[in-house]
Amino acid sequence: MSRLRLATAWLGGCSGCHMSFLDLGEQLIEISDAIELVYGPLVDAKEFPEGMDVTLIEGAVANFENLELLQQIRKRSKLLISFGDCAITGNVTSLRNFFSVDDLLTAVYHAGPGSAPRSDEADQVLPELLPRVLPLHQVVEVDAYIPGCPPDPERILAVLSSLLKGEAVTLSEVQRSFG
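Numbering of residues begins from 1 in every chain and follows the order in which that chain's sequence is written. Totals for whole chains, interfaces and linings use all residues, but because this is a predicted model, local features are given only for residues with pLDDT of at least 70 and pairs of side-chain atoms are given and counted only at 80 or more. Side-chain measures were taken over the full set of non-hydrogen atoms in the model, leaving aside hydrogen atoms and water.

(A) Spatial organisation of the pattern of salt bridges. Definition used for salt bridges: Asp or Glu carboxyl oxygen within 4 Å of a side-chain nitrogen of Lys or Arg. For the coordinates displayed, the defined rule picks out five salt bridges. The closest approach of N and O atoms between Asp53 and Lys78, which form a salt bridge, is 3.1 Å. Of the two residues, Asp53 is situated in strand β3 (residues 52-58) and Lys78 in strand β5 (residues 77-83); the sequence distance between them amounts to 25 residues. For every residue, the accessible area obtained with a 1.4 Å probe (protein chains only) is divided by the maximum for its type, and the residue is called buried under 20%, exposed over 50%, and partly exposed between those limits. Taking relative accessible area as the criterion, Lys78 reaches 59% and is therefore assigned exposed. Of the charged contacts, one joins Asp143 and Arg74 as a salt bridge, the two residues approaching to 2.9 Å between their closest N and O atoms. With Asp143 in the loop between β6 (129-134) and β7 (144-146) and Arg74 in helix α3 (residues 64-76), this residue pair connects regions lying 69 residues apart in the sequence. With a relative accessible area of 32%, Asp143 lands in the partly exposed category. Note on Arg74: relative accessible area 17%, which makes it buried. A helix here means a DSSP run of H or I that spans at least four residues, while a strand means a run of E at least two residues long, and both kinds are numbered starting from the N terminus.

Next up, the structure:
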């Protein structure tokens, strides 16, 4: 029996969803024979691999690097799952949508308490921000959703269990709530 090739990715978010993934604890060990984790913050892989069965993506699309990675992931994944409220709605990451990119950068880096002069070097190091933060489904087709900020481990396990059984992703009414 072949193992489910699983990837996780972290875009514009706080990593809380990945922390909840780790909170599966011993249950991760129990399913490890059936899952091959091949990409994500927990794996030392630099390039997103071809032929992924499932990819869980945490965070919203906040910059052009996020956009490029998301589009690549969609092309290389059979199933793409919005992982957490930032991926589904933009959530906290999208609060910057109330400001233009220029106003935001000015407020944070020129007028704020941590002000620093803008330089050509910073422009080459920092990824260019998109005009607006976007949830994943506004950029690519999304196959399933795991809500929560962060999603509790039981929701994550319910999704992984469905996938391992070859079933469609379904969550109970309680597990479909946000927040």
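(B) Region of interest: the packing of aromatic side chains. Pairing of aromatic rings covers Phe, Tyr and Trp, the last counted by its six-membered ring, and requires centre-to-centre distances within 6.5 Å; plane angles under 30 degrees mean stacked, over 60 mean edge-to-face, and any other angle means tilted. Tallied over the full model, the rule gives one aromatic pair. Geometrically, the ring pair formed by Tyr39 and Phe48 is edge-to-face, given 4.9 Å between the ring centres and 70° between the ring planes. The same class applies to Tyr39 as to Phe48, namely buried.

(C) Layout of α3. Take the residue count of a helix, subtract one, and multiply by 1.5 Å to get its expected span. A rise of 1.5 Å per residue sets the reference length of α3, with its 13 residues, at 18 Å; its end C-alpha atoms lie 19 Å apart and thus fit the reference within 8%. Of the residues making up α3, those classed as buried are Asn66, Leu69, Leu70, Ile73 and Arg74. Angularly, the buried residues of α3 cover 135° about the axis, an arc narrow enough to put them on a single face. Facing away from the buried side of α3 by more than 90 degrees, the exposed set consists of Glu65, Glu68 and Lys75. Comment: arc refers to directions from the helix axis out to C-beta atoms.

(D) Fine view of the side chain of Ser162. As for its position among the elements, Ser162 is in helix α7 (residues 153-164). Exposure remark for Ser162: the relative accessible area of 8% places this residue in the buried category. Excluding its chain neighbours within four sequence positions, the residues that come into contact with Ser162 are Glu167, Ala168, Val169 and Thr170. Contacts are residue-level and defined by heavy atoms, with any inter-residue pair within 4.5 Å sufficient.

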